[in-house]
Amino acid sequence: MASSSLPFTSLHLQFVSPNTKSSTTRLSSRRIRASVSEKPPVPAPAVAVPAKGETKLPLKKIPGNYGVPIVGPFKDRLDYFYNQGRDEFFKSKIQKYNSTVFRTNMPPGPFISQDPKVVALLDGKSFPVLFDVTKVEKKDLFTGTYMPSTDLTGGYRILSYLDPSEPKHARLKQLLFFLLKSRRDHVIPEFQASYSELFETLEKEVAEKGKSSFQTANDQAGFNFLCRAFFGSNPPDTKLGTDGPSLISKWVLFQLGPVLKLGLPKYVEELLIHTFPLPPALVKKDYQRLYDFFYESSGSIQDEAEKLGISREEACHNLLFATCFNSFGGMKIFFPNMLKWIGRAGIKLHNRLATEIRSAIRSNGGKLTMAAMEQMPLMKSVVYEALRIEPPVPLQYGRAKKDIVIESHDAVFQVKQGEMLFGFQPFATKDPKIFERAEEFVGERFMGEEGEKLLKHVLWSNGPETQQPTLGNKQCAGKDFVVLMSRLLVVELFRRYDSFDIEVGKSALGAAVTVTSLKRASF
């Protein structure tokens, strides 16, 4: 999946303490070198970003204003969702103020958000201040300028809403590190089993109907995989059955509805989800079904929680949220988006991926292992490029803990203590002053020495790709797990198929991908 953070590389599924250094043993190396016969040119940054202090930037007043109370936020909300659309909303203000840093209102505004005023950071240089917990506070900002009712999470403020300064933050994040570490050996086999079922479904429907919805198959496969890998429980074999994905989607809507565009008539949508919060009571029974499943499935993790001083009930609500909102939500958004970009890249990239992936697997005895994936630099780069060009977490928030100075490429700005900072991540990760051909999907972008240097500007996980989550920061606890899942999808796709064709539509949470053909592996 916000912040609006949907947590979501070398994989580092070990427990990481706040003082752990980067030399800690990893499951794989970050180096991405070309190993295919056709070595592509590696793009370099279009403009070198000067090191701090090299260039004296002018101090400027932050441009923009918030308008008349209620009226200004309401107008900005209509522009954001309907009159302009999200991207154009930001682009028009950048042009108007000739600045990537400015003041504006962010949805939902009245009457869900008490204070919609933010300082927007829309370039790759200013954006990273949102990760610096010495400068910004992350308390209750997971979904932005409003916070959903805790009735949707069992009465608890879940880990995603806690600032690292709060005592429970470290204990709950440590619990997630324990979960990832204790179940890491189950990830590859359970992913292969679940997504084999997905590909069989896609093939059957394409053969019968000429097309198949990737979303529908992905939702069920993704949820089954997460429950099998994390808890050793197969949902279809329980009382939950195959209802998990639909229950989660409804529950998430009650939390994210105020910042989503569902495609309903404008004023119907405004009244139903953007002006007043949906009553949590409407999903109470659905949430209880999910909670019962997770409580029965996560006994050993709850045992560890009690050792950390966390009640079994609070642990279960956090495990449910991490699995359903963060991990499942991330797969629901990012997997279709990644498939979209790879599909659009065309047959040449498909052939190179298929050749690289199958060659690496053959050289490792025909078995997919972490070592085999380390021999797939193009595959790894493609995943990073998908995370760069369309990060699954587009919005980030933080409140200034003190008076601070923020630098864009062009100027320096002063922010007062207590002001809300907002970053639109796709603009930061497509900053043309950092990335050459920033708006294009360049599969080999992160290969080689120069490509590796760009990884510090891949920011999808609430932190740079070159850093790791710790107990003391807000970087996604499952950062490396998400990258592993994404790599596995690309690997499983191209070990089976030479190429594929898709049709792409829109959905409230990203791309709606329909598979129209799958060309079986021919070599």
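Per an unreviewed UniProt entry, the chain goes by Allene oxide synthase and derives from Gossypium klotzschianum. Its UniProt record gives the chain a comment under Cofactor (unreviewed entry), which states: "heme".

S.K.: How should I be thinking about the sheet that holds strand E7 (residues 404–407) in this particular structure?
M.R.: Two strands in a sheet stick together by hydrogen bonds in their backbones, pointing the same way (parallel) or opposite ways (antiparallel). Pairing in this open sheet of 3 strands is mixed, and the strands run E1-E8-E7 from one edge to the other. Strands at the two margins of the open sheet, each flanked by one partner only, are strand E1 (59–60) and E7. With 4 bridges connecting them, E7 and strand E8 (residues 412–415) associate as antiparallel partners. Within E8, the residue paired with isoleucine 406 across the bridge is phenylalanine 413.

S.K.: Would you take a moment to explain the side chain of threonine 153 for this structure?
M.R.: For threonine 153, the position within the fold is in the loop between strand E4 (136–137) and helix H3 (167–182). Contacts of threonine 153, omitting those with residues within four sequence positions, involve Ile158, Trp251, Gln255, Tyr287, His317 and Phe321.

S.K.: Even after reading the chapter, I still don't get the nonpolar core, so can you show me in this structure?
M.R.: In summary, soluble globular proteins display a tendency toward joint burial of nonpolar side chains. Counting 117 residues, the largest nonpolar core has Tyr195, Phe225, Trp251, Phe335, Leu353, Met373 and Met376 as the members making the most contacts within it. Sort the elements by how many residues they give to this core and helix H10 (residues 312–345) lands first, with 16 residues. Beyond its immediate stretch of four places on either side in the chain, tyrosine 195 contacts Asn218, Ala221, Gly222, Phe225, Met331, Phe335 and Leu489.

S.K.: Got a minute to help me understand the UniProt feature "binding site: heme" (unreviewed entry) in the chain in this structure?
M.R.: Residues given the UniProt feature "binding site: heme" (unreviewed entry) here are Cys476. Using a relative accessible area of 6% as the deciding quantity, one classes cysteine 476 as buried.

S.K.: What is the right way to read the packing of helix H5 (residues 214–231) against H10 from this model?
M.R.: Two quantities define a packed helix pair, namely the angle between the axes and the distance from one axis to the other. Relative to each other, H5 and H10 sit at 140 degrees, their axes nearing to 10 Å. In this view, H5 runs oblique relative to H10, as classed from their interaxial angle. The interaxial crossing formed by H5 with H10 has right-handed handedness. Between H5, through Phe214, Gln215, Asn218, Asp219, Gly222, Phe223, Phe225, Leu226, Phe230 and Phe231, and H10, the contact on the second element is made entirely by Leu319, Thr323, Cys324, Ser327, Phe328, Met331, Lys332, Phe335, Pro336 and Leu339. Residue composition of the contact of H5 with H10, by class: 13 nonpolar, 5 polar and 2 charged.

S.K.: What is the right way to read the pattern of salt bridges from this model?
M.R.: If you walk through the whole model with that rule in mind, you get 33 salt bridges. Here glutamate 440 makes a salt bridge to arginine 437, at a shortest N to O gap of 3.1 Å. With relative accessibility at 39%, the residue glutamate 440 sits in the partly exposed group. Overall, arginine 437 belongs to the partly exposed group, its relative accessible area being 42%. Across the pair glutamate 465 and lysine 479 runs a salt bridge whose closest N-O atoms are separated by 3.6 Å. Of the two residues, glutamate 465 sits in the loop between helix H15 (448–453) and helix H16 (479–496) while lysine 479 sits in helix H16, which places them 14 residues apart along the sequence. Residue classification places glutamate 465 among the buried positions, given a relative accessible area of 0%. Connected through salt bridges with shared partners, the residues Asp140, Arg157 and Glu166 form a single ionic network.

Reading the values: the criteria
- Residues numbered from 1 in each chain as written.
- Predicted model: local features only at pLDDT ≥ 70, side-chain atom pairs only at ≥ 80, totals over all residues.
- Heavy atoms only, no water.
- UniProt positions renumbered as here; feature names shortened; annotations may be inferred.
- Pairing = 2+ DSSP bridges.
- Helix = DSSP H or I, 4+ residues; strand = E, 2+ residues; numbered from the N terminus.
- Contact = heavy atoms within 4.5 Å.
- Core = buried A, V, L, I, M, F, W, Y, C linked by side-chain atoms within 4.5 Å.
- Buried < 20%, exposed > 50% of the residue type's maximum accessible area, 1.4 Å probe, protein only.
- Axes fitted to C-alpha atoms, helices over the stretch in contact; angles between N-to-C directions.
- Parallel < 35°, antiparallel > 145°, perpendicular 65-115°, else oblique.
- Left-handed = near helix turned anticlockwise from the far one by under 90°.
- Nonpolar A, V, L, I, M, F, W, Y, C, P; charged D, E, K, R; others polar.
- Salt bridge = Lys/Arg side-chain N within 4 Å of Asp/Glu carboxyl O.

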